[in-house]
Amino acid sequence: PFFKEFNSKVFPDSAKLLAKLNANENPYGPSPMAVEAFKNATQLGNRYAWRELFDLMDKIAVKEGVKIENVMMGPGSSDLLEKTAMVMFAEGGNVVSADPSYMSLIKVAQATGASWKPVPLKDDWSHDLKGMEAAIDKDTKLVYICNPNNPTGSMTDHAELVDFCSRVSEKVPVFVDEAYMGFLEDGDKKSMVNLVAEGKDVIIARTFSKIHGMAGLRVGYIVAQEATLDKIQDITRGGMGITYPSVYAASASMDDVEFQNKSRKLNAECREFVYSTLEKMGYEYVPSSTSFILFPIEMEGEKFLEKMTAQGVGVRAFDIMDKNWCRVSMGTMEEMKIFSTALQKVLV
Ligand code: PLP
């Protein structure tokens, strides 16, 4: 692997931060409708939320154009990334994914006994699909694609990815993590979820943590072939981890399209503001399709984190291809102004 994270264990005390921009959280959430639904459901907490969970799955199935049998719920998509890895790599094998990318599934695959075959992103930060296809061998159990990708924020060409997923899934299942897809204006069109209805062996992960602003309420799901989900659900139960109120909150949030539109719009405005800050400073950045921006810094990552924290700003720092990079999440415009001022002080 050619990337590592600086100081990832040190999460500055968020109460002390003026701008918490280190975890890709949505500063506007949860939707008021979700909060109301959550509150009203707390009294039902003596029960398991089985029936209500099925209602939510029905609603999700309609939205995604699949059957309820194609949906598996979990307390956040992390849980489902991890459970998929535990089941798929129970007998070892290897996982092919980009480098740098989101490591949750890969780490569990490795801990379960699989090996990781990293394929560097291309110069334009998109997935090297040809390289990934070439990396697949007889021991490959799963291909993991994060689109848009974390920590780069970059997208891979839609038509090329459809072609890749369609062909490659004949040989090996393809897992597409679409955690940030909701921030795109045309996210529904860019999703790979239609391939599930077409019968392809793809697994699409989605979360209520990002565009819905529910990171702390823990709801996510995967959409896949029934046979694939059966394998995972034979031994694990994702829905058991979701609290009764969160089931109601997720359902209410799906109805609050206005909230999602507002989050998308304000997020895009903050991205433009950060781009212009960086341009004025003479810094480059990776154009983002997400709620965070990655840009190279001319300072050692750990030192940069210390200095930004001293300014009351929480961000993340990476070493990618022997260069130092900052990843900043979009907060409110007020927080982005605090970030911008701090950055100009720190990177003088
Ligand atoms: N996938 C990606 C690409 C992410 O960036 C994250 C969280 O930051 C997740 C999955 C997991 O999020 P959650 O477990 O809150 O759904």
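Computed from a predicted structure; not experimentally measured.

A.B. asks: So what exactly am I meant to see when it comes to the overall build of the chain here?
C.D. replies: Tallying secondary structure elements over the chain gives 13 helices and 13 strands in all. Here the analysis covers contacts within the chain between residues at least 6 apart in sequence; of these, 73% occur between residues at least 24 apart. Summed over all atoms, the accessible surface of the chain reaches about 15300 Å², with 50% contributed by carbon and sulfur. In the chain, 39 positive and 48 negative side-chain charges are present, and the distance between their average locations comes to 3 Å.

A.B. asks: What is the right way to look at helix α3 (residues 77–88) in this model?
C.D. replies: Since one α-helical turn is 3.6 residues long, residues separated by three or four positions face the same way. Taking 1.5 Å as the rise per residue, α3 with 12 residues should run 16 Å; its terminal C-alpha atoms sit 16 Å apart, in good agreement. With nine of its 12 residues buried, α3 lies for the most part within the structure.

A.B. asks: Is there a simple way to explain the nonpolar core in this structure?
C.D. replies: Inside soluble globular proteins, nonpolar side chains tend to come together where they are buried. The biggest cluster of nonpolar side chains holds 42 residues, and the ones touching the most others in it are Met73, Val143, Ile145, Phe164, Cys165 and Val174. Leaving out residues up to four positions away in the same chain, Phe164 has contacts with Leu129, Met132, Glu133, Val143, Ile145, Ser169 and Val174. Membership of the second largest hydrophobic core comes to 34 residues, among which are Val87, Val95, Leu142 and Phe175.

A.B. asks: Any chance you could explain the state of the cysteines here in plain terms?
C.D. replies: Simply put, disulfide is the name for a covalent bond between the sulfur atoms of two cysteines. Under the counting rule described, the total for this entry stands at zero disulfides. With no disulfide of its own, Cys146 lies 13 Å from the sulfur of Cys165, the closest cysteine sulfur.

A.B. asks: Honestly, the pattern of salt bridges in this entry has me stumped. Any pointers?
C.D. replies: Pairing between side chains of opposite charge can happen when their charged atoms approach one another. Tallied over the full model, the rule gives 17 salt bridges. The residue Glu5 makes a salt bridge to Arg316 at a minimum N-O spacing of 2.4 Å. In this pair, Glu5 sits in strand β1 (residues 3–5) while Arg316 sits in strand β12 (residues 316–320), placing the two residues 311 residues apart along the sequence. Looking at Arg316, the relative accessible area reads 17%, which means it is buried. When the shortest N-O distance is used, the salt bridge between Glu133 and Arg167 registers 2.8 Å. Placement of Glu133 in helix α5 (residues 129–135) and of Arg167 in helix α6 (residues 158–168) is noted, with a sequence separation of 34 residues between them. Looking at Arg167, the relative accessible area reads 39%, which means it is partly exposed. Connected via shared salt-bridge partners are Lys63, Glu64, Glu178 and Arg206.

A.B. asks: Is there a simple way to explain the environment of Ala49 in this structure?
C.D. replies: Following the sequence through the fold, Ala49 ends up in the loop between α1 (32–41) and α2 (50–64). When the C-alpha positions of Ala49 and Asn261 are compared, they lie 29 Å apart, and in sequence the two are 212 residues distant. With sequence-adjacent residues up to four places away left out, Ala49 is seen in contact with Tyr244 and Val247.

A.B. asks: What exactly am I supposed to notice about the domain arrangement of the chain here?
C.D. replies: In many reports, interface size means the accessible area that the parts give up when they come together. What the domain assignment reports for the chain is domain 1 (3–28 + 258–346) and domain 2 (32–255). A C-alpha centroid distance of 25 Å is found between domain 1 and domain 2. Both faces combined, the contact of domain 1 with domain 2 buries some 2000 Å², and carbon together with sulfur accounts for 63% of it. The three residues of domain 1 that bury the most area against domain 2 are Phe3, Arg264 and Ser289, which together make up 30% of that side's buried surface. Inspection of the region where domain 1 meets domain 2 yields zero salt bridges. Seen at the junction of domain 1 and domain 2, the total is nine residue pairs in polar contact (both at pLDDT 80 or more). Of all the elements in the fold, those that place two or more residues in the side of domain 1 that touches domain 2 are α11 (257–281), β10 (292–297), β12 and β13 (323–329). Looking at the side of domain 1 that touches domain 2 element by element, the count peaks at five residues for α11. Partitioned by chemical class, the residues of the side of domain 1 that touches domain 2 number 11 nonpolar, nine polar and two charged.

A.B. asks: Sorry if this is basic, but what is going on with the site of the ligand here?
C.D. replies: Near the ligand there are 13 residues, and of these Ser77, Ser78, Asp177, Thr207 and Ser209 occur at the shortest range. Here Asp177 contributes a side-chain N or O atom positioned 2.7 Å from a nitrogen atom of the ligand. With the chains in place, 93% of the 400 Å² that the ligand exposes on its own is no longer accessible. Residue composition of the shell around the ligand, by class: four nonpolar, six polar and three charged.

A.B. asks: How do you make sense of the sheet that holds β13 when you look at a structure like this?
C.D. replies: Backbone hydrogen bonds hold the strands of a sheet together, and the pairing may be parallel or antiparallel. As summarised here, the arrangement of the four strands in space is β1-β12-β13-β10, forming an open sheet in which the pairing is antiparallel. Strands with a single pairing partner mark the edges of an open sheet, and in this sheet they are β1 and β10. For this sheet, the mean angle separating the axes of adjacent strands, direction not counted, is 30°. Docked against the sheet, α11 engages β10 and β13, running at close to 10° with respect to β10.

A.B. asks: For this particular structure, what's the right way to read the sheet that holds strand β4 (residues 94–99)?
C.D. replies: In space, the seven strands of this open sheet follow the order β3-β9-β8-β7-β6-β4-β5, with mixed pairing throughout. Strand pairing shows two members of the sheet lacking a second neighbour, β3 (71–74) and β5 (115–120), which therefore form its edges. Averaged over all neighbouring strand pairs, the angle between strand axes comes to 20°, with direction disregarded. Strand direction decides the pairing type here: β4 and β5, joined by six bridges, are parallel.

A.B. asks: I tried to follow the packing of aromatic side chains on my own but got confused; where do I start?
C.D. replies: For any two aromatic rings, the description comes down to two numbers: the centre-to-centre distance and the angle of the planes. All chains considered together, the criterion is met by nine aromatic pairs. For the pair Tyr144 and Phe175, a centre-to-centre distance of 5.8 Å together with 35° between the ring planes defines the contact as tilted. With Tyr144 in strand β6 (residues 140–146) and Phe175 in strand β7 (residues 174–177), the pair connects residues that are 31 residues apart, well separated along the chain. Phe175 matches Tyr144 in its accessibility class, with the two residues each being buried. Centroid distance Tyr244 to Tyr248: 5.8 Å. Interplanar angle 20°. Geometry classified as stacked. Of the two residues, Tyr244 and Tyr248 are both situated in helix α10 (residues 244–255); the distance of four residues between them amounts to about one turn of the helix. On the basis of relative accessible area, Tyr248 is assigned to the partly exposed category, the value being 31%. Sitting above the plane of the Phe292 ring, Arg327 keeps its charged end 5.4 Å from the centroid.

Rules of the game
Residues numbered from 1 in each chain as written. Predicted model: local features only at pLDDT ≥ 70, side-chain atom pairs only at ≥ 80, totals over all residues. Heavy atoms only, no water. Helix = DSSP H or I, 4+ residues; strand = E, 2+ residues; numbered from the N terminus. Contact = heavy atoms within 4.5 Å. Areas by Shrake-Rupley, 256 points an atom, 1.4 Å probe, with all protein chains shown as cover. Lys, Arg positive; Asp, Glu negative; His and termini not counted. Charge placed at Lys NZ, Arg CZ, Asp CG, Glu CD. Expected span 1.5 Å × (residues − 1). Buried < 20%, exposed > 50% of the residue type's maximum accessible area, 1.4 Å probe, protein only. Core = buried A, V, L, I, M, F, W, Y, C linked by side-chain atoms within 4.5 Å. Disulfide = S-S within 2.5 Å. Salt bridge = Lys/Arg side-chain N within 4 Å of Asp/Glu carboxyl O. Domains from an automatic or database assignment. Buried area = accessible area lost by both parts, 1.4 Å probe. Polar contact = N/O pair within 3.5 Å; in protein donor to acceptor, adjacent residues only side chain to side chain. Nonpolar A, V, L, I, M, F, W, Y, C, P; charged D, E, K, R; others polar. Near = heavy atom within 4 Å. Pairing = 2+ DSSP bridges. Axes fitted to C-alpha atoms, helices over the stretch in contact; angles between N-to-C directions. Phe/Tyr/Trp six-rings, centres within 6.5 Å; stacked < 30°, edge-to-face > 60°. Lys NZ or Arg CZ within 6 Å of the ring centre and 35° of its normal.

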